[in-house]
Amino acid sequence: MSSQKKPHLNLVVIGHVDHGKSTLMGRFLYEIKAIDERIIREYEEQAKKLGRETWKYAWVLDKLKEERERGLTIDLGFYKFETKKYFFTLIDAPGHRDFVKNMITGASQADCALLVVSAKEGEYEAGISPAGQTREHVFLAKTMGIDQLIVAINKMDTVDYKQERYEEVKDGISKLLRMVGYKVSELPFVPTSAWNGDNVVSLSDRTPWYKGPTLYEAFDTFNEPPRPTDKPLRIPIQDVYSIRGVGTVPVGRVETGVLKVGDRVIFMPPKVVGEVKSIETHHTRIEQAIPGDNIGFNVKGVERTQLRRGDVAGHTNNPPKVAEEFVGRIFVLYHPTAIAAGYTPVLHVHTATTPVTFMELVQKIDPRTGSVAEEKPSFIKQGDAAIVRFKPMKPVVIERYQDLPPLGRFAIRDSGRTIAAGTVIEVKEVKT
């Protein structure tokens with residue numbers, strides 16, 4: 001079955017820094033022969049010279065990332081791999097500093113995630129502490145609509161492949177996953193050693209007590225997500241190019257609906273209308289694009305200067321909604337003190353970012369039951385769930401989560417930290 005025929009999934013790799021995400025994925029790509037052995041050998045030599053031999057697999061991804069950043073064409077080819085059932089695009093090489101931001105803004109609207117957790121003494125504990133990234137990433141993944149997850153309990157070599165440690169880590173992570181709403185009984189927890197390659201592609205005799213799938217097999221336990229072609233067209237714009245001989249080419253991922261050559265589209269908030277002349281995905285011309293497709297499309301009648309990242313394209317008969325205010329249900333992930341009305345951090349929704357003011361704290365919610373704990377609280381703090389009325393400082397496209405999920409999930413960030421994440425329950429549109 002060629003990759004064209006296999007269903008395509010976007011995979012994001014998440015977890016605390018230093019838990020071995022890059023090394024594990026580098027090892028995986030090497031084992032399934034998605035990377036040339038010569039490249040690994042070259043990195044091995046370089047790593048040895050620096051006395052950092054353990055880095056060779058991690059370098060695979062980091063080197064490719066550098067190459068990707070240097071080149072103008074963003075060829076995701078390096079990050080593609082196939083399993084028996086699926087064709088995967090590995091999003092955003094692991095360990096990326098802006099990972100959280102990218103995860104929110106849809107550069108990585110992943111269908112599924114691999115959570116990498118280190119079994120090493122102290123590292124696992126740091127990851128699940130309140131300030132740890134394991135916690136932050138798991139919560140964000142769920143809020144961002146990633147319902148499918150597999151867990152790699154990595155660095156098993158550092159704990160002598162002990163089943164007790166595997167169970168301890170598995171129990172702790174299960175608690176965390178259950179708390180945010182994952183169905184833990186359905187998730188594979190694979191004990192791995194990226195360094196030795198245990199259970200990455202073939203089952204290891206160092207873990208005779210483990211009877212589950214290898215990492216490679218676990219990827220095939222994912223289900224293909226529905227493609228919402230019957231919903232209104234929405235394409236959040238990631239970049240806009242002006243290409244000589246072609247014209248204006250916005251680039252983005254189709255979230256909902258179908259885009260066809262010849263369609264008239266409107267970009268909101270700027271209210272610019274144009275006609276679609278051609279559509280491309282991964283340098284291939286296509287006649288129509290469906291949800292999940294990352295595309296560039298040439299639009300006639302639109303100047304590059306009229307559009308920017310964060311704008312959203314839709315059909316002229318059902319334009320994207322521009323919010324003057326909106327109400328969201330949020331969970332406060334991190335805050336050093338307390339949040340009151342008037343707080344103005346930064347809103348991240350699909351590909352858009354804008355300062356946003358907490359206008360009114362409507363209700364405090366019990367995060368476990370969802371029932372109202374307090375009407376009009378004077379403040380909310382870390383660990384609280386709440387319903388809040390927000391006012392974006394500039395026009396931004398936002399939709400109700402129940403109507404169009406990809407445009408109804410958002411995060412709130414301040415000084416490089418994710419403060420809260422949530423979903424939109426009501427939108428008050430800008431009067432036009």
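Here the residue numbers are simple positions, counted from 1 along each chain's written sequence. Selection of residues for local features in this predicted model requires a pLDDT of at least 70, selection of side-chain atom pairs for listing and counting requires 80 or more, and totals for whole chains, interfaces and linings are taken over all residues. Hydrogens are left out, water is left out, and the side-chain values use all remaining heavy atoms of the structure.

Caption draft 1: Structural view of the overall build of the protein chain. Helix and strand content of the protein chain: eight helices and 23 strands. By residue count, 53% of the 432 residues in the protein chain fall in the buried class. Working definition: helices are DSSP H or I runs of at least four residues, strands are E runs of at least two. Numbering for both runs from the N terminus. Exposure categories follow from relative accessible area, calculated using a 1.4 Å probe and restricted to protein chains: below 20% of the type maximum is buried, above 50% is exposed, and the middle band is partly exposed.

Caption draft 2: Examining the pairing of strand β16 (residues 322–332) more closely. Along β16, nine of the eleven residues are buried, which leaves the element largely enclosed by surrounding structure. Only strands that DSSP links by at least two bridges are regarded as paired with each other. In the sheet, β16 pairs with strand β23 (residues 417–429) via nine bridges, with the strands oriented antiparallel. Residue pairing in the sheet places Val-327 in a bridge with Glu-426 of β23. Of the pairings in the sheet, the one linking β16 to strand β20 (residues 385–392) comprises six bridges and is antiparallel in character. Bridge pairing in β20 places Phe-326 opposite Phe-390.

Caption draft 3: Highlighting the packing of aromatic side chains. Aromatic pairing here means that ring centres of Phe, Tyr or Trp (its six-membered ring) are within 6.5 Å. Orientation follows from the plane angle: under 30 degrees is stacked, over 60 is edge-to-face, and everything else is tilted. The full count for this structure, using the stated rule, is 17 aromatic pairs. Taking 4.8 Å as the distance between ring centres and 70° as the angle between the ring planes, the aromatic pair formed by Phe-358 and Phe-390 counts as edge-to-face. On the criterion of sequence distance, the pair formed by Phe-358 in strand β18 (residues 352–365) and Phe-390 in strand β20 is long-range, its members being 32 residues apart. Comparing Phe-358 with Phe-390 shows no difference in burial state: the two are buried. Of the aromatic side chains, those joined through ring pairs into one cluster are Phe-28, Phe-81, Tyr-86, Phe-88, Tyr-216, Phe-219 and Phe-222.

Caption draft 4: Summary view of unusual backbone geometry. Of note, the amide linkage connecting Met-268 to Pro-269 takes the cis form, showing an omega dihedral of 0°. Non-glycine residue Asn-199 carries a positive phi angle of around 55°. When you line up the elements, Asn-199 lands in the loop between β6 (189–191) and α8 (215–218). If you check the backbone angles, Lys-271 has positive phi at about 60° while not being a glycine. As for its placement among the helices and strands, Lys-271 is situated in the loop between β10 (264–268) and β11 (272–281).

Caption draft 5: Inspection of the side chain of Arg-234 at higher detail. With respect to the secondary-structure elements, Arg-234 resides in the loop between α8 and β7 (235–243). For Arg-234, a relative accessible area of 1% gives the class buried. Of note is the side chain of Arg-234, whose polar atom sits 2.9 Å from the backbone oxygen of Asn-318. In this structure the side chain of Arg-234 is engaged in a polar contact, spanning 3.3 Å, whose partner is the backbone oxygen of Pro-319. Side-chain atoms alone can form a polar contact between residues adjacent in sequence; in general such a contact is a pair of N or O atoms within 3.5 Å, and within protein one must be able to donate a hydrogen while the other accepts it.

Caption draft 6: Region of interest: the pattern of salt bridges. Here, a salt bridge means any side-chain nitrogen of Lys or Arg that lies within 4 Å of a carboxyl oxygen of Asp or Glu. Summed over all chains, the structure comprises 20 salt bridges. A salt bridge links Arg-253 to Asp-111; its shortest N-O distance comes to 4.0 Å. One end of the pair, Arg-253, is in strand β8 (residues 247–253); the other, Asp-111, is in the loop between α4 (99–105) and β4 (112–118), and 142 residues separate them in sequence. Note that Lys-155 is salt-bridged to Glu-123, the shortest N-O span being 2.9 Å. Separated by 32 residues along the polypeptide, Lys-155 in the loop between β5 (148–154) and α7 (163–180) and Glu-123 in helix α5 (residues 123–128) bring together distant segments of the chain. Through salt bridges with shared partners, one network takes in Glu-121, Glu-125, Arg-165 and Glu-168.

Caption draft 7: Representation of the nonpolar core. Only buried residues count toward a nonpolar core, which is a set of Ala, Val, Leu, Ile, Met, Phe, Trp, Tyr and Cys residues joined through side-chain atoms within 4.5 Å. Judged by nonpolar contacts, the single largest core of 65 residues is most densely connected at Leu-11, Leu-114, Leu-177 and Phe-219. Whether two residues are in contact is decided by their heavy atoms: any pair within 4.5 Å suffices. Residues within four places of Leu-177 in sequence aside, it is in contact with Leu-115, Val-138, Leu-149, Val-151, Tyr-182, Val-184, Leu-187 and Phe-189.

Caption draft 8: Broad picture of helix α6 (residues 133–143). Judged by how many residues are buried, α6 sits mostly within the fold: eight of eleven residues are covered. All of the buried residues along α6 are Thr-134, Glu-136, His-137, Val-138, Phe-139, Leu-140, Ala-141 and Thr-143. At the exit of α6 stands Gly-145, carrying a positive phi of roughly 85°.

Caption draft 9: Representation of the environment of Val-327. As for its placement among the helices and strands, Val-327 is situated in strand β16. Taking the relative accessible area as the measure of exposure, Val-327 reaches 12% and is therefore buried. For the pair formed by Val-327 and Phe-390, sequence separation is 63 residues and the distance between their alpha carbons is 6.0 Å. Not counting the four nearest positions on each side in its chain, Val-327 is found in contact with Ile-387, Val-388, Arg-389, Thr-423, Val-424, Ile-425 and Glu-426.

Caption draft 10: Just a nonpolar patch on the surface, in detail. Taken together, the side chains of Tyr-241, Ile-243 and Val-246 present a nonpolar region at the surface, about 250 Å² in accessible area. Mapping Tyr-241 onto the fold places it in strand β7. What makes Tyr-241 partly exposed here is its relative accessible area of 36%. Here a patch means residues that are over 30% exposed by relative accessible area and free of salt bridges, tied together within 9 Å if like-charged and within 5 Å if nonpolar (Val, Leu, Ile, Met, Phe, Trp, Tyr). Per-residue and other accessible areas follow the Shrake-Rupley method at a 1.4 Å probe size, with only the shown protein chains counted as cover for residues.

Caption draft 11: Focus on α7. In a helix, the anticipated span is given by 1.5 Å times the number of residues less one. Taking 1.5 Å per residue, 18 residues should reach 26 Å; α7 reaches 26 Å between its end C-alpha atoms and fits that length. Every buried residue of α7 is listed here: Arg-165, Tyr-166, Val-169, Gly-172, Ile-173, Ser-174, Leu-176, Leu-177 and Val-180. Contacts made by the buried residues of α7 are with β4, α5, α6, β5 and β6. After α7 finishes, the residue Gly-181 shows a positive phi value of roughly 110°.

Caption draft 12: The side chain of Asp-220, seen in detail. With respect to the secondary-structure elements, Asp-220 resides in the loop between α8 and β7. Of the side chains with opposite charge, Lys-84 comes closest to the buried, unpaired Asp-220, at an N-O distance of 6.1 Å. Polar side-chain contacts of Asp-220 include one of 3.3 Å to the backbone nitrogen of Lys-84. Setting aside chain neighbours within four positions, we find Asp-220 in contact with Thr-83, Lys-84, Lys-85 and Tyr-86. Asp and Glu are treated as the negative residues and Lys and Arg as the positive ones, with His and the ends of the chain left uncounted.

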